[in-house]
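Topology and contacts: notes
As a plain string of letters, each chain reads:
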Amino acid sequence: MDVKIENSDIALNMKGEPIYINFVEEIAQRVKIACSFEKGEFCYDKNLGRHPSDIDFYEDDAKDKLEMLFKEASVDIGYTDLEVLSIENCDMGHIAKVKVKCGENYAVTEVVVYE
């Protein structure tokens, strides 16, 4: 069980209490955090994150390359599969829609890859 993070802060319910998540939602949140940073950028854990890359997001194999980087960044998180479903352009860089599977259950999350 973990506290849900929204907009870089702890998510609160109507009473102002933290919202807790577990199982596949917790795993998807951990994967999102691990994949959102390049190694060394996360101030609380310099080993967390993905390796820097020079992915050309307009090439046909961009999803496959990004998926490989995400799998490597989240290798220590217990899940059964990870798949990059899509990549969209945004003002900050790119948004990857990621499906995290744990057994028969799954959750979809979005990871921003800054340029």
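Remember, it's a predicted structure, so these values are computed and weren't measured experimentally.

Looking at the pairing of strand 6 (residues 93-102)
Note: strand 5 (residues 81-90) against strand 6, 9 bridges, orientation antiparallel. Note that in strand 6 the partner of Asn-89 across the bridge is His-94. Where strand 5 hands over to strand 6, the hairpin turn is made up of 2 residues, counted between the paired strands. Relative to strand 7 (residues 105-114), strand 6 runs antiparallel, the two being bridged by 10 bridges. Of the residues in strand 7, the one forming a bridge with Cys-102 is Asn-105.

Thoughts on the sheet that holds strand 6
Spatial strand order, 5-6-7: 3 strands in an open sheet with antiparallel pairing. Looking at strand neighbours, the two that pair on one side only are strand 5 and strand 7, the edges of this open sheet. The mean angle between the axes of side-by-side strands here comes to 20°, regardless of whether they run parallel or antiparallel. Helix-sheet contacts for helix 1 (residues 24-36) involve strand 5, strand 6 and strand 7, and the interaxial angle to strand 7 is about 20°.

Some remarks on the side chain of Arg-50
Structurally, the position occupied by Arg-50 is in the loop between helix 1 and helix 2 (62-73). Among the residues examined, Arg-50 registers a relative accessible area of 6% and is labelled buried. Not counting residues within four places of it along the chain, the set of residues in contact with Arg-50 comprises Ala-34, Cys-35, Ser-36, Phe-37, Glu-38, Lys-39, Leu-69, Phe-70, Ala-73, Val-112, Val-113 and Tyr-114.

Rules and cut-offs
Numbering of residues begins from 1 in every chain and follows the order in which that chain's sequence is written. Whole-chain, interface and lining totals are the exception, using all residues; otherwise, since this is a predicted model, local features are given only for residues with pLDDT of at least 70 and side-chain atom pairs are given and counted only at 80 or more. In computing side-chain values, all of the structure's heavy atoms are included and hydrogens and water are not. Between any two strands, at least two bridges found by DSSP are needed for them to pair. The helix count covers DSSP runs of H or I at least four residues long, the strand count covers runs of E at least two residues long, and both are numbered beginning at the N terminus. Helix axes are fitted only over the stretch in contact, all axes being lines through C-alpha atoms; the angle between N-to-C directions runs from 0 to 180 degrees. Note on contacts: a residue pair qualifies if any of its non-hydrogen atoms lie within 4.5 Å across the two residues. Throughout this description, buried means an accessible area under 20% of the type-specific maximum (1.4 Å probe, protein chains only), exposed means over 50%, and partly exposed covers the range between.

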